[in-house]
Amino acid sequence: MITETGLEALAAQGVAELLATDPILYDLLERERRRQHETLAMIASASAADASVLACLSSSLGNVTTEGYPGARFHAGCAVADPVERLAVDRARHVFGAQYANVQPHSGTSANQIVLTSLLRPGDTLLGQRLTAGGHLTHGAPPSFTGRYFRGVGYGVDADGYLDYAEIRRLALAHRPKVIVCGASAYPRLIDFGRFRAIADEIGAYLLADISHIAGLVAAGLHPSPVNAAHITTSSTYKQLYGPRGGVILMGGDADAPGPDGRRTLARTIDDGVFPYFQGTPQLNAIAAKARAFGIVGAPPFRDLARRVLSTASALARELAGRGWHVLTGGTDNHMVLVDVSRRGLTGAVAEAALESCGIIVNKNQIPGDTKGPRVAGGLRFGTNTLALRGMDTTAMGLCADLVDQVCRSIRMRGDRDFDLPDHVRADVAEQVARLCHDHPLPTISGAVHA
Ligand SMILES: *Cc1c(COP(=O)(O)O)cnc(C)c1O
């Protein structure tokens with residue numbers, strides 16, 4: 001038993017104890033670490049947190065139990081927790097040019113639940129992008145609580161896959177939602193937050209912008225920011241912010257605007273909505289990790305990473321299209337590439353499984369007008385957050401597209417979720433994936449994030 005240890009010794013002791021006393025779990029965690037190094041991750045909704053972010057997550061700040069906000073806690077013992085949360089808030093505001101930030105939401109979903117339940121009453125109408133057209137569950141989709149407790153009305157995309165603002169305005173005027181949600185989980189083009197705000201203002205609705213997917217590009221100034229255009233902005237912190245699993249709520253100029261009760265400002269409404277209305281104790285270790293992630297995102301070198309996220313995504317779209325794959329909207333303005341594999345007789349489920357068997361990790365995704373359900377789907381979604389972090393450039397995207405193409409061309413379908421893939425293809429692609437991953441190791445030290 002070590003009694004006095006610094007952070008480094010504590011971490012080393014924890015790993016040593018895990019290995020000695022729980023080898024089953026140790027082995028699983030070690031296998032996962034290796035899996036992330038040795039596979040080509042192209043999940044658009046993922047990234048890899050820096051080792052310094054992971055260190056914050058495993059710190060003893062997680063042992064602090066409290067409720068409320070810095071300077072107004074319900075428990076003693078927050079002498080360190082308070083400055084940590086203030087640091088996270090200050091950095092979030094700095095990174096996004098926001099007037100207000102709340103870093104307590106446990107996830108992006110929680111952030112949306114907090115905002116929606118603070119602005120709406122059960123049965124009120126909510127207008128958001130349909131799940132099948134790239135929206136998120138929490139934007140009013142039927143399987144989510146947001147579709148059950150509110151009246152969710154959905155907008156889609158036009159025949160070319162683009163948001164149709166005239167149609168969105170028509171739906172807004174017809175249904176008069178109290179909240180309009182913009183932002184998506186599967187949409188490869190720019191979002192015009194100003195146009196959404198004009199529609200919201202026309203009917204006196206609040207505008208919520210959910211930038212979970214594109215928060216890094218927004219922070220780097222490579223996608224227009226909604227922070228002043230929308231009343232409220234939410235984001236997950238583990239996707240393009242390369243932070244811990246968690247959420248954040250931001251506000252710009254509308255922080256002091258009146259909330260729905262006409263009594264409290266929007267800022268106060270959301271503070272109360274996080275605690276005591278929706279959540280209990282904050283996860284202070286996660287808040288420290290968010291502070292660290294915002295610190296990395298706010299430093300100049302992050303812009304280079306964000307630029308590489310963009311340039312690799314455009315290159316990947318071009319290279320896949322060049323090999324005959326139907327890229328939705330013909331390309332991308334962000335980190336995401338959507339491919340309709342149904343046109344080549346495949347399902348998303350089969351393509352995903354075939355690629356994973358070769359070490360390429362993507363996800364099946366429904367595409368607009370999809371005839372298959374979400375567990376089968378007719379599309380694939382690719383993202384370049386992790387490829388860019390590994391230092392891959394546009395040239396490497398040619399090879400990535402080639403590997404995807406080799407696998408998908410060789411699939412023999414046996415059902416919506418059943419297929420054969422020739423052994424020689426699997427072996428050949430797996431070997432090339434291993435080489436590519438070896439040549440572009442996942443950075444594990446902060447400095448390498450900016451290499
Ligand atoms: C991923 C995502 C969320 C949910 O975030 P979690 O932190 O996983 O709950 C919310 N909105 C959008 C648009 C997302 O893509």
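Residues numbered from 1 in each chain as written. Predicted model: local features only at pLDDT ≥ 70, side-chain atom pairs only at ≥ 80, totals over all residues. Heavy atoms only, no water.

(A) Structural context of the UniProt feature "binding site: (6S)-5,6,7,8-tetrahydrofolate" (unreviewed entry) in the chain. When the UniProt feature table is mapped onto this chain numbering, "binding site: (6S)-5,6,7,8-tetrahydrofolate" (unreviewed entry) sits at Leu131, Gly135, His136 and Leu137. On the basis of relative accessible area, Gly135 is assigned to the buried category, the value being 6%. Inspection of the secondary structure assignment puts Leu137 in the loop between β5 (125–129) and α6 (145–148). Taking the relative accessible area as the measure of exposure, Leu137 reaches 37% and is therefore partly exposed. (UniProt positions renumbered as here; feature names shortened; annotations may be inferred. Buried < 20%, exposed > 50% of the residue type's maximum accessible area, 1.4 Å probe, protein only. Helix = DSSP H or I, 4+ residues; strand = E, 2+ residues; numbered from the N terminus.)

(B) The packing of aromatic side chains, seen in detail. Going through the model one piece at a time under the given rule, you end up with 6 aromatic pairs. Consider the rings of Tyr165 and Phe196, whose centres lie 5.5 Å apart with planes at 75 degrees: the pair is edge-to-face. Within this pair, whereas Tyr165 is found in helix α7 (residues 165–175), its partner Phe196 is found in helix α8 (residues 193–203), the two being separated by 31 residues in sequence. Pair check on accessibility: Tyr165 and Phe196 agree, each one buried. One aromatic cluster in this structure is built from Phe145, Tyr149 and Phe150. When the ring centre of Tyr238 is taken as reference, the NZ or CZ atom of Arg245 above it lies at 3.8 Å. Lying across the ring of Trp325, Arg344 places its NZ or CZ 3.8 Å from the centre. (Phe/Tyr/Trp six-rings, centres within 6.5 Å; stacked < 30°, edge-to-face > 60°. Lys NZ or Arg CZ within 6 Å of the ring centre and 35° of its normal.)

(C) Region of the structure containing the site of the ligand. Around the ligand sit 13 residues, and of these Gly108, Thr109, Asp210, Tyr238 and Lys239 come closest. Ser212 is positioned with one of its side-chain polar atoms (N or O) 3.5 Å from a nitrogen atom of the ligand. When the free accessible area of the ligand is taken as 380 Å², the share hidden by the protein chains comes to 89%. No other element matches the 3 residues that helix α5 (residues 108–119) contributes to the shell around the ligand. Its residues placed into classes, the shell around the ligand shows 2 nonpolar, 9 polar and 2 charged. (Near = heavy atom within 4 Å. Polar contact = N/O pair within 3.5 Å; in protein donor to acceptor, adjacent residues only side chain to side chain. Areas by Shrake-Rupley, 256 points an atom, 1.4 Å probe, with all protein chains shown as cover. Nonpolar A, V, L, I, M, F, W, Y, C, P; charged D, E, K, R; others polar.)

(D) Just a nonpolar patch on the surface, in detail. On the surface, a nonpolar cluster with roughly 390 Å² of combined accessible area is contributed by Ile24, Leu25, Leu28 and Leu29. Counting through the fold element by element, Ile24 comes out in helix α2 (residues 23–38). (Patch = residues over 30% accessible without salt bridge, like charges linked within 9 Å, V, L, I, M, F, W, Y side chains within 5 Å. Salt bridge = Lys/Arg side-chain N within 4 Å of Asp/Glu carboxyl O.)

(E) Representation of the UniProt feature "domain: Serine hydroxymethyltransferase-like" (unreviewed entry) in the chain within the structure. Listed under "domain: Serine hydroxymethyltransferase-like" (unreviewed entry) in the UniProt record, and renumbered for this structure, are residues 20–398. With 40% helix and 15% strand, residues 20–398 has its two end C-alpha atoms placed 45 Å apart.

(F) The arrangement of the packing of α5 against helix α10 (residues 266–278) in detail. As a packed pair, α5 and α10 sit with axes 9 Å apart at the nearest point and diverge in direction by 115 degrees. For the element pair α5 / α10, the angle class is roughly perpendicular. For the crossing formed where α5 meets α10, the hand is right-handed. Mapping the contact onto sequence places Ser110, Gln113, Ile114, Val115, Thr117, Ser118 and Leu119 in α5 and Leu266, Thr269, Ile270, Gly273, Val274, Tyr277 and Phe278 in α10. In terms of residue class, the contact of α5 with α10 is made up of 8 nonpolar, 6 polar and no charged. (Axes fitted to C-alpha atoms, helices over the stretch in contact; angles between N-to-C directions. Parallel < 35°, antiparallel > 145°, perpendicular 65-115°, else oblique. Left-handed = near helix turned anticlockwise from the far one by under 90°. Contact = heavy atoms within 4.5 Å.)

(G) Up close: the pattern of salt bridges. The final tally for this structure, using the stated rule, is 27 salt bridges. Across the pair Arg343 and Asp340 runs a salt bridge whose closest N-O atoms are separated by 3.0 Å. Assessed through its relative accessible area of 57%, Arg343 is described here as exposed. Here Glu431 ties to Arg435 by a salt bridge, and the two come within 3.1 Å at their closest N and O atoms. Linking Glu431 with Arg435, this pair stays in helix α16 (residues 423–439), spanning 4 residues, or about one helical turn. Among the charged side chains, a salt-bridge network with shared partners connects Asp261, Arg263, Arg264, Arg268 and Asp272.

(H) Summary view of the sheet that holds strand β7 (residues 179–182). With mixed pairing, the 7 strands of this open sheet are ordered in space as β4-β10-β9-β8-β7-β5-β6. The sheet is open, and its two edges are formed by β4 (100–102) and β6 (151–155), each paired on a single side. With strand direction ignored, the average angle separating the axes of adjacent strands in the sheet is 20 degrees. Looking at chain direction, strand β9 (residues 232–236) and strand β10 (residues 247–251) are connected through 4 bridges and run antiparallel. Bridge pairing in β10 links Thr234 to Ile249. (Pairing = 2+ DSSP bridges.)

(I) Spotlight on the domain arrangement of the chain. Looking at the chain, the domain boundaries give domain 1 (61–297) and domain 2 (302–449). The centre of domain 1, based on its C-alpha atoms, is set 29 Å off from the matching centre of domain 2. Listed as interface residues are 24 residues of domain 1 and, on the opposing side, 26 residues of domain 2. Here domain 1 packs against domain 2, burying approximately 2,200 Å² in sum over the two surfaces, 60% of which is carbon and sulfur. Its largest share of buried area at the contact with domain 2, domain 1 owes to Pro188, Arg189 and Tyr242, together 29% of the area lost on that side. The tally of links between domain 1 and domain 2 comes to 1 salt bridge. For Arg189, the salt bridge goes to Asp333, with nearest N and O atoms at 2.9 Å. If you look at where domain 1 meets domain 2, you find 12 residue pairs in polar contact (both at pLDDT 80 or more). Secondary structure elements with two or more residues in the side of domain 1 that touches domain 2: α9 (215–219) and α11 (284–298). Taken together, the residues of the side of domain 1 that touches domain 2 break down into 13 nonpolar, 7 polar and 4 charged. (Domains from an automatic or database assignment. Buried area = accessible area lost by both parts, 1.4 Å probe.)

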